[in-house]
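An overview of the molecular structure
The primary structure of each chain is shown beneath.
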Amino acid sequence: LLALAWLGLALGGEGEDGEVVVEEEGDEALSDELGEEDGVLVLHEHNFARALSEHRLLLVEFYAPWCGHCQRLAPAFAQAAATLRNESSLVRLGKVDATAQAALASEFGVTSYPTLKLFRDGNRTQPLAYTGRMDTEGIVRWMQRRAGPSATLLQDTDTAAAFISSQDLVVVGFFKDLQGQAAQAFYEVAGEVVDVPFGVAEAAELFQAYGLSADTVCLFKKFDDGRTDFPVDPAQGLDVAELTQLLRVHSLELVIEFTNETSAQIFGVKIPHHMLLFLNKSSPVQLALRDGFRAAAGAFRGKVLFVVVDVTGHGADVLPFFAMTPADAPTLRLVKMENNRKYRMDQDTFSEEAIRTFVQAVLDGKVKPHLLSAEPPEGWDTGPVKVLVGKTFEQVAFDETKNVFVKFYAPWCSHCQAMAATWEELGERYKDHEDIVIAELDATANELEDITINGFPTLHYFPAGPGRKMIEYKSTRDVETFSKFLENGGTLPEEPPAVPKTPENSTGSEEPSLLGTAKSRDEL
């Protein structure tokens, strides 16, 4: 649920103040022997080169023991290792504790956990970033595409027909020259889009059978229009990124229902806007509203993804993040994925024309977002830390007589929870200052028109005076540093340079610090 981009949430991080401390390797002697845990190679600085030399395809997970995502991935990663080992002697999976193996983490640019990289044919300098799903099936499919041919060669009409009918969704590339640049780009796409079978055809009879005269990529599907063609531009060739996105967009149904099975597709396709129809599927009257919704969808394919959300089914869990209950159905919302802005359509207009007009108006910037706001809690402005909501934010933060320091938080965020006592202490310290206000706002329940919060906690300082200025605080999160920041008018005073304590005859230099250079994937 927390992975849903509609919610504007990211998965909570694991570590003090969101920092990852890369620890130095222990003193214990390590050999180049390749040990295993649950079928996964345990790698470190001393055996990494050996692992690369002995395994043609090696997928390595760089993890942190404290990282929640890494802990959840571990059983799926081990199961994938077992499956792949049974299928092929070419493929192995390994793992590196990046907090203990600082040199390896630095060498491979590990900045989040877990990070997965594929090493091929012992090449240490150009590993391939893993782009598949973080589950057993996703890992297995991704590696299978790289261990064998990424596309099946279709040699005649019978094999082509059997291949196309074998799945609900298949991709076939028709190329006059399978050694040409377009075909090679197609194979590259096939290596990335692992959830769909790929075939390739060169025979003239197949071009004729499918009504083609030039190089074309065809997406065959057992829904919607049945087939979508993407002709190859003779001058520009085949663009890998463009074709990948086109296939992902057209692989989805024109209108898709939000379920546990489809959520990864919905958020993985990266369509910039989502139009949501919330309805109760047990109501025939509400189900009939899908007709107008579907009719409006075709004009916006690739720009807006149309999604049906059953408020009594899988969609019930997302209702609180729209400040809705099942009783609010049927209703429509458009979400701009870039900043999680939500736009509300009139409740009594569900016709094709009304929906199309509304969506186009949002795309044209003619509709204001629908901003959520909780009700101000009783005594919200009487404590050391003022509890702001959407309705009260403007009057407090932009009070020209006050310097206001606001913490934007999420109730579930572990970093925010760890920082709560510090923020309360800061509030106590400044509760009697006439011109300084310490405040906080639950950014999951309140939305602001001109401020987008991309991480938790986020700290913003709003100085007194005209101009509606805002300064983001990005330094150490402790009471003393906060106080220096506030006392210095929203900046930290410059510290005098440290004098190195080295012997007079020494020319020793400082090692670059690795502290705080990596952040967990779950940190905002």
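About the cut-offs
Residues numbered from 1 in each chain as written. Predicted model: local features only at pLDDT ≥ 70, side-chain atom pairs only at ≥ 80, totals over all residues. Heavy atoms only, no water. Helix = DSSP H or I, 4+ residues; strand = E, 2+ residues; numbered from the N terminus. Buried < 20%, exposed > 50% of the residue type's maximum accessible area, 1.4 Å probe, protein only. Areas by Shrake-Rupley, 256 points an atom, 1.4 Å probe, with all protein chains shown as cover. Pairing = 2+ DSSP bridges. Axes fitted to C-alpha atoms, helices over the stretch in contact; angles between N-to-C directions. Contact = heavy atoms within 4.5 Å. Phe/Tyr/Trp six-rings, centres within 6.5 Å; stacked < 30°, edge-to-face > 60°. Core = buried A, V, L, I, M, F, W, Y, C linked by side-chain atoms within 4.5 Å. Salt bridge = Lys/Arg side-chain N within 4 Å of Asp/Glu carboxyl O. pLDDT = per-residue confidence, 0-100. Parallel < 35°, antiparallel > 145°, perpendicular 65-115°, else oblique. Nonpolar A, V, L, I, M, F, W, Y, C, P; charged D, E, K, R; others polar. Polar contact = N/O pair within 3.5 Å; in protein donor to acceptor, adjacent residues only side chain to side chain.

Helix and strand counts for the protein chain come out as 15 helices and 23 strands. Relative to its 524 residues, the protein chain shows a buried fraction of 45%. For the protein chain, the accessible area works out to roughly 26000 Å², and carbon and sulfur atoms hold 48% of it.

It is worth spelling out the sheet that holds strand β15 (residues 304–310) at this point. Taken in spatial order, the five strands make up an open sheet running β13-β15-β14-β16-β17, and their pairing is mixed. Of all the strands in the sheet, just β13 (255–257) and β17 (341–344) have a single pairing partner and so form its edges. Looking at each pair of strands side by side, their axes are set apart by 25° on average, direction ignored. Packing against the sheet, helix α11 (residues 290–297) makes contact with β13, β14 (273–279), β15 and β16 (331–336), and its axis sits at approximately 165° to β15.

Applying the stated criterion across every chain yields a total of 29 aromatic pairs. For the pair Trp412 and Phe456, a centre-to-centre distance of 5.9 Å together with 90° between the ring planes defines the contact as edge-to-face. Highlighted residues: Trp412 in the loop between β19 (403–409) and α14 (414–430) and Phe456 in the loop between β20 (436–442) and β21 (458–462), separated in sequence by 44 residues. Owing to a relative accessible area of 24%, Trp412 belongs among the partly exposed residues under this scheme. Between Trp423 and Phe482 the ring centres are 5.4 Å apart and the planes differ by 90°, which places this aromatic pair in the edge-to-face class. One end of the pair, Trp423, is in helix α14; the other, Phe482, is in helix α15 (residues 479–487), with 59 residues separating them in the sequence. Chaining the aromatic ring pairs together yields one cluster made of Phe405, Trp423, Tyr461, Tyr473, Phe482 and Phe485.

A few words on the nonpolar core. One recurring pattern in soluble globular proteins: nonpolar side chains tend to sit buried together. Counting residues in each nonpolar core, the largest one holds 23 residues, and the members touching the most others are Phe175, Phe186, Phe198 and Leu238. Elements with a minimum of two residues in this core: β9 (169–174), α6 (181–192), β10 (198–201), β11 (216–221) and α8 (240–251). Per element, the largest residue contribution to this core is six residues, and it comes from α6. Contact partners of Leu238, with chain neighbours within four places excluded, come to Phe175, Ala182, Ala185, Phe186, Val217, Val232 and Leu243.

Let us now look at the pattern of salt bridges. Per the stated rule, a full pass over the model turns up 26 salt bridges. Residue Lys391 pairs with Glu375 through a salt bridge whose shortest N-O separation is 2.3 Å. Residue Lys391 is located in helix α13 (residues 390–397), and its partner Glu375 is located in the loop between α12 (352–363) and β18 (386–388); the two are separated by 16 residues in the primary sequence. Beyond isolated ion pairs, a larger network of salt bridges with shared partners links Arg133, Asp135, Glu137, Arg141 and Asp195.

This part covers the confidence of the model for the protein chain. On average, residues of the protein chain score 87 in pLDDT, and 88% of them are at 70 or above. Taken element by element, the protein chain is modelled with least confidence in strand β23 (residues 515–518), mean pLDDT 30, and with most confidence in β11, mean pLDDT 98. Of the regions scoring below 50 in pLDDT, residues 7–28 engages in 68 contacts with residues more than four places distant in sequence or in other chains. Here residues 500–524 is modelled with pLDDT under 50, and outside its nearest four sequence neighbours on either side it reaches 47 contacts, counting other chains as well.

This paragraph deals with the environment of Val311. Following the sequence through the fold, Val311 ends up in the loop between β15 and β16. Once the C-alpha coordinates of Val311 and Leu279 are considered, the two residues, 32 residues apart in sequence, prove to be 5.9 Å apart. With near-sequence residues (within four places) excluded, Val311 lies in contact with Phe278, Leu279, Asn280, Ala316, Leu319, Pro326 and Ala329.

A few words now on the packing of helix α4 (residues 136–147) against α6. Contact geometry of α4 with α6 gives a least axis separation of 8 Å together with a crossing angle of 155°. The angle between α4 and α6 places the two elements in the roughly antiparallel class. Mapping the contact onto sequence places Trp142, Arg145 and Arg146 in α4 and Ala190, Gly191 and Glu192 in α6. Here the contact of α4 with α6 is built from residues that sort into two nonpolar, one polar and three charged.

Buried within α15 are the following residues: Val479, Thr481, Phe482, Ser483, Phe485 and Leu486. At its buried positions, α15 is contacted by β19, α14, β20, β21 and β22 (471–473). Regarding α15, its N-cap is Asp478, as a side-chain oxygen of that residue lies 3.2 Å from the backbone nitrogen of Glu480 further along. Where α15 ends, the next residue or the one after it, Gly489, has phi of about 75°, a positive value.

Structurally, Glu440 can be placed in strand β20. A relative accessible area of 15% places Glu440 in the buried class. Within the local environment of Glu440, its side chain forms a polar contact with the side chain of Lys407, the two groups lying 3.3 Å apart. The contacts of Glu440, once residues within four sequence positions are left out, are Val385, Lys386, Val387, Leu388, Val406, Lys407, Tyr409 and Trp423.

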